[in-house]
Amino acid sequence: SKRIGVLTSGGDSQGMNAAVRAVVRMAIVRGCKPYLIYEGYQGLVSGGDKIRSASWNDVSNFLTLGGTLIGTARCMDFLKPEGRRIAVHNLIKHGIDTLVVIGGDGSLTGADTLRHEWPDHVKQLHDDGKISQQEADKYRNLMIVGMVGSIDNDLASTDMTIGASSALTRICESVDSILSTATSHRRAFVVEVMGRHCGWLAMNAAICTGADYLFIPEDPPAGDWETDMCEALKRTRSAGKRTSIVIVAEGAIDDKCNPIKSEFIKDVLTQRLGYDTRVTILGHVQRGGSPTAVDRYLATLQGAEAIEAILRATPDTPSPVIGILENKITTQPLKEAIALTKQVAKAIQDHDFQRAAELRPRSFLT
Ligand code: F6P
């Protein structure tokens, strides 16, 4: 039966465990043999007990837990072809020629590179006498399937990445908590949220908490934005509000691509408006805790689809990535998804926000 390895890579996100569980269990249901690969790509390179066959019960209690129970790591060895050759050898030792990789775009691109190099590595391993002719014939190709685990929701081609819903929920809970103390003291808070170069978390957090002002990389403020911000906050105060909440994406920039720093915003509010202002950088709290129902559901449906995509694939099928568009689970060529993500990043860099929005149409929670 088909042997399928599953690993998580890059920054963790809530719902990764649910995805691993779904992959393992669906693999068993469909007559395949699943393997858990521990510590991301490092586990592939280290081999040994980092690659373990998985039973139904090995993923019990995975569904509701945050983080990734099989670990993730940044692996320098995997960035080098020699490291990837060792990974190929380890996989062949376990009879694995299919991988489900759960991670962000960098991790998924790494998997695609491994797939393309695979035949050369197999040939070299055979020439070096490390694998038999029979093994070289049997493991001619690697199949990979990507699942997008990231709180940032920064992959074009899917409406939601696994973890984005939970991180957004965590941010909203935190801003709610801040609001109560801010109201008592009539304070202003600058709340900085994660998202790397993507403003999805910040924008949706601002909508969901009724924040007063927002900075996201996709819509850099032009000209004298300090005055605009102060005027906007003054208006809400004179309408009776006791607090001012400014949400800042960690990747926020101005129209000259200079970073907009939370501390700078605080100084503007203190000096120009005389508001008693605090900065809260939410940090990794956003990536922790148990996944929301949306992330559990999304990860479970996508994990099941990952196995179906494997069973449908032929050696010529481009590596697929599983997504969700307009509430339908999708399977698309990974390369196209990554290329689209790069085009969106370029459009943002070029300040062509119209094009960015056209390239990244979102229907769900955007
Ligand atoms: O990509 C997920 C993310 O949490 C980003 O939002 C953030 O910029 C980054 O990872 C933080 O990385 P690290 O956990 O390595 O500090």
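Conventions adopted
- Residues numbered from 1 in each chain as written.
- Predicted model: local features only at pLDDT ≥ 70, side-chain atom pairs only at ≥ 80, totals over all residues.
- Heavy atoms only, no water.
- Helix = DSSP H or I, 4+ residues; strand = E, 2+ residues; numbered from the N terminus.
- Rg over C-alpha atoms; globule rule 2.2 N^0.38 Å.
- Buried < 20%, exposed > 50% of the residue type's maximum accessible area, 1.4 Å probe, protein only.
- Contact = heavy atoms within 4.5 Å.
- Areas by Shrake-Rupley, 256 points an atom, 1.4 Å probe, with all protein chains shown as cover.
- Lys, Arg positive; Asp, Glu negative; His and termini not counted.
- Charge placed at Lys NZ, Arg CZ, Asp CG, Glu CD.
- Expected span 1.5 Å × (residues − 1).
- Phe/Tyr/Trp six-rings, centres within 6.5 Å; stacked < 30°, edge-to-face > 60°.
- Lys NZ or Arg CZ within 6 Å of the ring centre and 35° of its normal.
- Polar contact = N/O pair within 3.5 Å; in protein donor to acceptor, adjacent residues only side chain to side chain.
- Salt bridge = Lys/Arg side-chain N within 4 Å of Asp/Glu carboxyl O.

Draft legend 1. Examining the overall build of the protein chain more closely. Scanning the protein chain for helices and strands turns up 12 helices and 11 strands. Taken against the 2.2 N^0.38 rule, which gives 21 Å for 366 residues, the C-alpha radius of gyration of the protein chain at 23 Å falls within 12% of a compact globule. In the protein chain, buried positions account for 53% of the 366 residues. Long-range pairs, those at least 24 residues apart, make up 76% of the contacts in the protein chain between residues at least 6 apart in sequence. In the form shown here, the protein chain has an accessible surface area of approximately 15800 Å², with 52% of it arising from carbon and sulfur atoms. The averaged location of the 43 negative side-chain charges in the protein chain is 4 Å from the averaged location of its 42 positive side-chain charges.

Draft legend 2. Molecular detail of the side chain of Thr68. Here Thr68 is to be found in the loop between β3 (51–53) and α3 (81–93). If near-sequence neighbours (up to four positions away) are discounted, Thr68 is found in contact with Thr8, Asp12, Met16 and Asn17.

Draft legend 3. Examining helix α6 (residues 164–185) more closely. Over its 22 residues, α6 runs 32 Å from end to end, which matches the ideal 32 Å to within 8%, given 1.5 Å per residue. Turning to α6, its buried residues number three or more, namely Ala164, Ser165, Ser166, Ala167, Leu168, Arg170, Ile171, Cys172, Ser174, Val175, Ile178 and Ala182. Phi turns positive one or two residues past the end of α6, at Arg186, with a value near 55°.

Draft legend 4. Geometry of the packing of aromatic side chains. As enumerated under the stated definition, the model contains four aromatic pairs in all. Ring plane angle 10° and centroid distance 4.0 Å describe the contact between Tyr41 and Phe78, whose orientation is recorded as stacked. Here Tyr41 is found in helix α2 (residues 40–46), whereas its partner Phe78 is found in the loop between β3 and α3, with 37 residues between them in sequence. By relative accessible area, Phe78 is classed as buried at 4%. Centroid distance Phe215 to Trp225: 5.1 Å. Interplanar angle 75°. Geometry classified as edge-to-face. Taken together, the residues Phe215 in strand β7 (residues 213–215) and Trp225 in helix α8 (residues 225–238) connect sequence positions 10 residues apart. Given a relative accessible area of 2%, Phe215 falls into the buried group. Each member of the aromatic cluster is reached from another via a ring pair, and the members are Tyr213, Phe215, Trp225 and Phe264. Sitting above the plane of the Tyr38 ring, Arg52 keeps its charged end 4.1 Å from the centroid. Sitting over the face of the ring of Tyr275, Arg237 holds its NZ or CZ atom 4.1 Å from the ring centroid.

Draft legend 5. Molecular detail of the environment of Arg3. Mapped onto the secondary structure, Arg3 falls in strand β1 (residues 3–8). Residue classification places Arg3 among the partly exposed positions, given a relative accessible area of 29%. Taking the C-alpha atoms as reference points, Arg3 and Leu91, 88 residues apart in sequence, are found 9.8 Å from one another. Excluding anything up to four places from it in sequence, Arg3 contacts Lys33, Tyr35, His94, Gly95, Ile96, Asp97 and Thr98. A distance of 2.9 Å separates polar atoms of two side chains, one belonging to Arg3 and the other to Tyr35.

Draft legend 6. Structural view of the pattern of salt bridges. This structure, assessed with the given rule, holds 16 salt bridges. For Asp276, the salt bridge goes to Arg278, with nearest N and O atoms at 2.8 Å. Residue Arg312 pairs with Glu305 through a salt bridge whose shortest N-O separation is 2.8 Å. Owing to a relative accessible area of 52%, Arg312 belongs among the exposed residues under this scheme. The buried category is assigned to Glu305, whose relative accessible area is 17%. Within this structure, Arg187, Asp276 and Arg278 form a network of salt bridges that share partners.

Any link to function would need more than the numbers given here.
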